[in-house]
Amino acid sequence: MARKPAGARARSTYGAEGVHVWAREAILAALELGPGDRLLELGCGGGLLLRDAAASGAAVTGIDHSEEMVALAAGIAPGAEVLVASAERLPFGDGAFTAIAMSVVFFFFDDPVAVLRESLRVAAPAARLAVYTTAPELRGTPAAPEPLASRGHFHSDEELASLARAAGWGRAAVRSRDGGQLLTAVAKL
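Position labels on residues start from 1 in each chain and follow its written sequence. Given that the model is predicted, a residue must reach a pLDDT of at least 70 before its local features are reported, and side-chain atom pairs must reach 80 or more before they are shown or counted; all residues, however, enter totals for whole chains, interfaces and linings. Remark: hydrogens and water are excluded; side-chain values derive from all non-hydrogen atoms of the structure.

**Focus on the overall build of the chain**
- By the criteria applied, helices consist of DSSP H or I runs no shorter than four residues and strands consist of E runs no shorter than two, each listed in order from the N terminus. Looking only at helices and strands, one finds seven helices and seven strands in the chain.
- Reading the secondary structure of the chain in the N-to-C direction produces α-α-β-α-β-α-β-β-α-β-α-α-β-β.
- Here the chain holds 189 residues, and the buried ones make up 51% of them.
- Two residues qualify as a contact provided that any one of their heavy atoms is within 4.5 Å of a heavy atom in the partner residue. Sequence separation of at least 24 residues holds for 63% of the intrachain contacts in the chain that already meet a minimum separation of 6.
- Entry remark: accessible area of the chain is about 8,400 Å², with carbon and sulfur atoms responsible for 55%. When a residue's accessible area, from a 1.4 Å probe over protein chains only, is under 20% of the maximum for its type it is buried; when over 50% it is exposed; and in between it is partly exposed. Reported accessibility uses the Shrake-Rupley method at a 1.4 Å probe radius. Residues are deemed covered only where the shown protein chains occlude them.

See below:
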């Protein structure tokens, strides 16, 4: 269900108020969105982060590879632009967003540098990046159980920051807490 959310169970899971709340809170605190910001969320799932971000006055856009999640997100965050798209080939012009977010989705990307590079392409100068993902120590736990853990990609804090730097992001840093990692970075001017 996590790799390609579909069906009633996926809708009830990813539309539930408490799903990934710690990730949403960490991302929103890091991005400090306000009126005038334009947020893009990659892998928007049910749209809860989009809804919460819109409350700051920011314009919000989300993409997901699941048509069902896009429909769910459009209902939960009615002011958001939400569409089916690939994180590796974003359908937006260069410099379109002042903030980029990824909440508990980075783990699934087979080529994370390509995703980060494409995110940077659509980022305006000085845009902020916030990525919340699962740390390696959670592999095989209820937070990242098998067989999902074997299909995902875990990175140490330094590896995660290095991926962002390799993609061209500046000031990459990672904060870890209780098995969650928050990568932050800034688009170079």
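From this point on, the discussion continues.
**As for the pattern of salt bridges**
- Every case where a carboxyl oxygen of Asp or Glu lies within 4 Å of a side-chain nitrogen of Lys or Arg is listed as a salt bridge. Within the structure shown, the criterion is met by seven salt bridges.
- Between R24 and D52 there is a salt bridge, and its shortest N-O distance comes to 3.1 Å. Here R24 is found in helix α2 (residues 21-31), whereas its partner D52 is found in helix α3 (residues 48-54), with 28 residues between them in sequence.
- Taking the relative accessible area as the measure of exposure, D52 reaches 25% and is therefore partly exposed.
- Between R177 and D178 there is a salt bridge; the shortest N-O distance is 3.8 Å. Like R177, the residue D178 is exposed in the burial classification.
- Within this structure, R24, R51 and D52 form a network of salt bridges that share partners.

**Some remarks on the layout of surface pockets**
- Considering only enclosed or pocket space, the second largest pocket measures out at about 160 Å³ in volume.
- Residue lining of the second largest pocket: W22, A26, Y132, R175, S176, R177, D178, G180 and L182, and that is the complete set.
- At the level of secondary structure, the elements contributing two or more residues to the lining of the second largest pocket comprise α2, β6 (170-177) and β7 (180-186).
- The greatest single-element share of the lining of the second largest pocket, amounting to three residues, is contributed by β6.
- Residues that form the lining of the second largest pocket fall into these classes: four nonpolar, two polar and three charged. Whether a set of points on the 1 Å grid over the protein atoms alone is a cavity depends on a 1.4 Å probe fitting there but being unable to get out, while an open set qualifies as a pocket with protein on both sides within 12 Å along at least five of seven lines; lining residues are those with an atom within 4 Å of a point. Grid points are joined across faces, edges and corners, and a volume is the space filled by probe spheres set on the points. In this count, Pro and Cys sit with the nonpolar residues alongside Ala, Val, Leu, Ile, Met, Phe, Trp and Tyr, while Asp, Glu, Lys and Arg are called charged and the others, Gly among them, polar.

**Some thoughts on helix α4 (residues 67-76)**
- Buried residues of α4: M69, V70, L72 and A73, and no others. The buried residues of α4 occupy an angular sector of 165 degrees when projected down its axis, which confines them to one face. Facing away from the buried side of α4 by over 90 degrees, the exposed positions are E67, A71 and G75. In this context, the arc is that of the directions from the helix axis out to the C-beta atoms.

**Some words on the side chain of D64**
- In this structure, D64 sits in strand β2 (residues 59-64).
- For D64, the contacting residues outside a window of four places in its chain are G43, C44, G45, M69, V70, L83, V84 and A85.

**A look at the nonpolar core**
- For this analysis, a nonpolar core means a set of buried residues of the types Ala, Val, Leu, Ile, Met, Phe, Trp, Tyr and Cys, connected via side-chain atoms within 4.5 Å. The biggest cluster of nonpolar side chains holds 38 residues, and the ones touching the most others in it are L40, L42, I100, M102, L116, L129 and W169.
- When residues of this core are traced back to their parent elements, those giving at least two are β1 (38-42), β4 (97-103), α5 (112-121), β5 (123-134), α7 (157-167), β6 and β7.
- Per element, the largest residue contribution to this core is five residues, and it comes from α7.
- When neighbours within four sequence positions are excluded, L129 is seen to be in contact with L31, I100, M102, L116, W169, L183, T184 and A185.
- Of all hydrophobic cores here, the second largest spans 22 residues; its members include V60, A77, A80 and Y132.

**Overview of the environment of P125**
- One can find P125 in strand β5.
- Sequence separation of P125 and A96 is 29 residues, and the distance between their C-alpha atoms is 9.8 Å.
- Residues within four places of P125 in sequence aside, it is in contact with A187, K188 and L189.

**A short note on α5**
- Burial of α5 is extensive: seven of the 10 residues sit out of reach of the surface.
- Here α5 has its buried residues at P112, V113, V115, L116, E118, S119 and L120.
- On its buried face, α5 is in contact with β1, β4, β5 and α7.

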